[in-house]
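One-letter residues, chain by chain:
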Amino acid sequence: MSDIKNPDNEPDNSNLEKAPKNWTTGDEAMTGAQASYLQTLCEEAGEAFDENMTKADASKKIDEVQNKTGRGEDSSGSSA
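Throughout what follows, the structure given in this document is the object of discussion. Worth saying up front: this structure is predicted, and the values here are computed from it rather than measured. (Residues numbered from 1 in each chain as written. Predicted model: local features only at pLDDT ≥ 70, side-chain atom pairs only at ≥ 80, totals over all residues. Heavy atoms only, no water.)

## Side note on the pattern of salt bridges
Applying the stated criterion to the full structure yields five salt bridges. The shortest N-O distance in the salt bridge between Glu47 and Lys61 comes to 2.7 Å. Of this pair, Glu47 sits in the loop between helix H1 (32-45) and helix H2 (55-69) while Lys61 sits in helix H2; the two residues are 14 residues apart in sequence, bridging distant segments of the chain. On the accessibility criterion, Glu47 (21% relative accessible area) is partly exposed. Lys68 is paired through a salt bridge with Glu47; the nearest N and O atoms lie 3.0 Å apart. Here the residue Lys68 occupies a position in helix H2, and Glu47 occupies one in the loop between H1 and H2, the gap between them amounting to 21 residues. We classify Lys68 as exposed; its relative accessible area is 53%. Residues joined in a network through salt bridges with shared partners are Glu47, Lys61, Glu64 and Lys68. (Salt bridge = Lys/Arg side-chain N within 4 Å of Asp/Glu carboxyl O. Helix = DSSP H or I, 4+ residues; strand = E, 2+ residues; numbered from the N terminus. Buried < 20%, exposed > 50% of the residue type's maximum accessible area, 1.4 Å probe, protein only.)

Here's what the structure looks like:
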């Protein structure tokens with residue numbers, strides 16, 4: 001068999017992870033799932049929860065508080 005890969009059979013990973021600042025909907029209100037998770041994280045971290053965040057800001061805050069609480073990814077890339 002040939003080792004040549006058919007691009008039509010490969011997954012499109014081009015936008016699996018975009019920076020929040022590049023999201024087209026980043027300025028919209030955060031989703032219910034983001035709000036729920038962020039509120040839980042903030043409670044664990046002893047931080048104030050801002051219910052008026054945008055999707056992009058909530059995503060950044062989730063990453064920040066995950067790292068603070070140890071819920072974020074460790075250096076090996078696996079979930080804690």
